[in-house]
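Summary of the model geometry
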Amino acid sequence: MPGMTKKLQEVLKQAEAWPEAAQEELADVALEIAANLQGDYHATADELAGIDRGFDDARHRRFATDEEVRAAFGTFRRA
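Below or above, wherever it landed, is the structure these notes cover. (Residues numbered from 1 in each chain as written. Predicted model: local features only at pLDDT ≥ 70, side-chain atom pairs only at ≥ 80, totals over all residues. Heavy atoms only, no water.)

The number of helices and strands found in the protein chain is 4 helices and 0 strands. Its C-alpha atoms give the protein chain a radius of gyration of 20 Å, more than 25% over the compact-globule value 12 Å for 79 residues. Each of the three principal axes of the protein chain carries a C-alpha extent, and together these read 55 × 30 × 25 Å. Going through the 79 residues of the protein chain one by one, you find that 4% of them count as buried. When the accessible surface of the protein chain is totalled, it reaches about 7400 Å², and 58% of it is carbon and sulfur. (Helix = DSSP H or I, 4+ residues; strand = E, 2+ residues; numbered from the N terminus. Rg over C-alpha atoms; globule rule 2.2 N^0.38 Å. Buried < 20%, exposed > 50% of the residue type's maximum accessible area, 1.4 Å probe, protein only. Areas by Shrake-Rupley, 256 points an atom, 1.4 Å probe, with all protein chains shown as cover.)

The next point concerns the environment of Asn-36. Summarising the element assignment, Asn-36 is placed in helix α2 (residues 20-38). Looking at Asn-36, the relative accessible area reads 51%, which means it is exposed. The spacing of Asn-36 and Ile-51 is 15 residues in sequence and 20 Å in space, taken between C-alpha atoms.

Estimates place the volume of the largest pocket at around 220 Å³. What lines the largest pocket is simply Asp-28, Leu-31, Glu-32, Ala-35, Gln-38, Asp-40, Tyr-41, His-42, Thr-44 and Glu-47. At 5 residues, the largest contribution of residues to the lining of the largest pocket is made by α2. In terms of residue class, the lining of the largest pocket is built from 3 nonpolar, 3 polar and 4 charged. Put simply, the second largest pocket is a space of about 180 Å³. Around the second largest pocket sit Leu-8, Val-11, Leu-12, Ala-15, Gln-23, Leu-26, Ala-27 and Ala-30, which together line it. In terms of residue class, the lining of the second largest pocket is made up of 7 nonpolar, 1 polar and no charged. (1 Å grid on protein atoms, 1.4 Å probe; cavity = no way out; pocket = protein on both sides within 12 Å on 5 of 7 lines; lining within 4 Å. Points joined across faces, edges and corners; volume = space filled by probe spheres on them. Nonpolar A, V, L, I, M, F, W, Y, C, P; charged D, E, K, R; others polar.)

Taken together, the side chains of Glu-20, Glu-24, Glu-25, Asp-28, Glu-32, Asp-46 and Glu-47 present a region of like negative charge at the surface. Elements with a minimum of two residues in the negative patch: α2 and α3 (45-59). Residue contributions to the negative patch peak at 5 residues, all from α2. Its place among the elements puts Asp-46 in helix α3. (Patch = residues over 30% accessible without salt bridge, like charges linked within 9 Å, V, L, I, M, F, W, Y side chains within 5 Å. Salt bridge = Lys/Arg side-chain N within 4 Å of Asp/Glu carboxyl O. Lys, Arg positive; Asp, Glu negative; His and termini not counted. Charge placed at Lys NZ, Arg CZ, Asp CG, Glu CD.)

So, about α2. When the terminal C-alpha atoms of α2 are compared, their 27 Å separation across 19 residues agrees well with the 27 Å that a helix rising 1.5 Å per residue should span. Following α2 by one or two positions, Gly-39 has its phi on the positive side, about 85°. (Expected span 1.5 Å × (residues − 1).)

In structure tokens form, the structure reads like this:
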């Protein structure tokens, strides 16, 4: 395919044999790259759902306690 690197051509050829879920993930990543190149970002349905959950939690005052936050960050620092 003209205008496409050999490496990309090889990856796309291999992706034809991948399971549908893996192909969808590759397409999502490619679309994210395209959006970044255009300067526009459009959240995915999953991201929008997560944002809605966060707003709902805030509305209902469901926040992590200071101790829960310390414990969460502590798990990352132990690595």
